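Summary of the model geometry
Here are the chains, one letter per residue:
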Amino acid sequence: MWGYIKEKFKKYPSQTKVLRKLIALGLSVKKDHEGVPRIYCDDVEIKASALAFSLGVDRRAVLDILSKIVDDPELARFFLDLRPAPDFRRVSPKLGMGVIQIVATKASQPGIVSGVSQIIAREGISIRQVIVDDPELVDDPRATIVTDSPIPGNLVSDLKAVEGVEAVVIL
């Protein structure tokens, strides 16, 4: 999908910015009951002007990309099924949960999350959520793992020993 989006919108940086934000937030695009393309966060409509304002782009760029999405069968299928996911990174410590970030030497290397998960499971700690940043959306992608309880500091060296892990940050 990324290759398709990059090629199709390479001449339209504002529209590419809108597309990236829609994907990053899990916002879907579909036609309303009158056939007008709209932005939705699950079943809640998000105004095009609000998205445009947050991105510092003209509202017309947002409206134009919405029309392009619903008119393109491949984009329409993709954006129709996007859904937001809750992100517990910032609130988990307030709930007594643990949060760690894994910085990879290469974000696309397979097995990093698996290796880290095995170490956490070995300690009898349950994982509640794993969020891995997409390198296409984030300049410095990280994997964030939310656990039922804080990660003991003595695990940091074991986690750093996982192949492909550059750094471990306990939040």
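A brief look at the structure comes next. (Residues numbered from 1 in each chain as written. Predicted model: local features only at pLDDT ≥ 70, side-chain atom pairs only at ≥ 80, totals over all residues. Heavy atoms only, no water.)

A short note on helix α6 (residues 112–122)
For clarity, the cut-off: For every residue, the accessible area (1.4 Å probe, protein chains only) is compared with the maximum for its type, and the residue is labelled buried under 20%, exposed over 50%, or partly exposed between those bounds. Here a helix means four or more residues in a row that DSSP labels H or I, a strand means two or more in a row labelled E, and each is numbered from the N terminus. Relevant arc is that of directions from the helix axis to the C-beta atoms, nothing else. Here, residues are in contact when the closest pair of their heavy atoms is within 4.5 Å.
Residues Ile 112, Gly 115, Val 116, Ile 119 and Ile 120 constitute the buried set of α6. The buried residues of α6 occupy one face: seen down the axis, they fall within an arc of 135°. In α6, the exposed positions that point more than 90 degrees away from the buried face belong to Gln 118, Ala 121 and Arg 122. On its buried face, α6 is in contact with β4 (98–104), β5 (127–132), β6 (142–147), α7 (156–160) and β7 (165–170).

A few points about the environment of Ala 143
Its location among the elements puts Ala 143 in strand β6. Residue Ala 143 is classed as buried on the basis of its relative accessible area of 8%. In this structure the C-alpha to C-alpha distance between Ala 143 and Ile 102, which are 41 residues apart in sequence, comes to 5.0 Å. Once residues lying within four places of it in the same chain are set aside, the contact partners of Ala 143 are Ile 100, Gln 101, Ile 102, Val 113, Ile 131 and Val 132.

Some thoughts on the pattern of salt bridges
Note the following rule: Any carboxyl oxygen of Asp or Glu that lies within 4 Å of a side-chain nitrogen of Lys or Arg is treated as forming a salt bridge with it.
This model, assessed by the stated rule, comprises 13 salt bridges. The residue Asp 87 makes a salt bridge to Arg 89 at a minimum N-O spacing of 2.6 Å. In this structure Asp 87 comes out as partly exposed when scored by relative accessible area, which is 40%. You can call Arg 89 partly exposed: its relative accessible area is 23%. Across the pair Arg 142 and Asp 140 runs a salt bridge whose closest N-O atoms are separated by 3.0 Å. Take Asp 140: its relative accessible area is 42%, and that puts it in the partly exposed class. A network of salt bridges, in which partner residues are shared, links Asp 32, Arg 38, Glu 45 and Lys 47.

Examining the sheet that holds β6
Inclusion rule: By this definition, two strands are paired if DSSP reports at least two bridges between them. Angles run from 0 to 180 degrees between N-to-C directions of axes, and those axes are lines fitted to C-alpha atoms, restricted for helices to the stretch in contact.
Overall, antiparallel pairing links the four strands, which are arranged β5-β6-β4-β7 in an open sheet. Bordering the open sheet on either side are β5 and β7, each of which pairs with just one other strand. Strand-to-strand twist across the sheet, computed as the mean angle between neighbouring axes with direction ignored, equals 20°. Pairing of β5 with β6 involves five bridges; the strand directions are antiparallel. Across the sheet, residue Ile 127 finds its bridge partner in β6, namely Thr 147.

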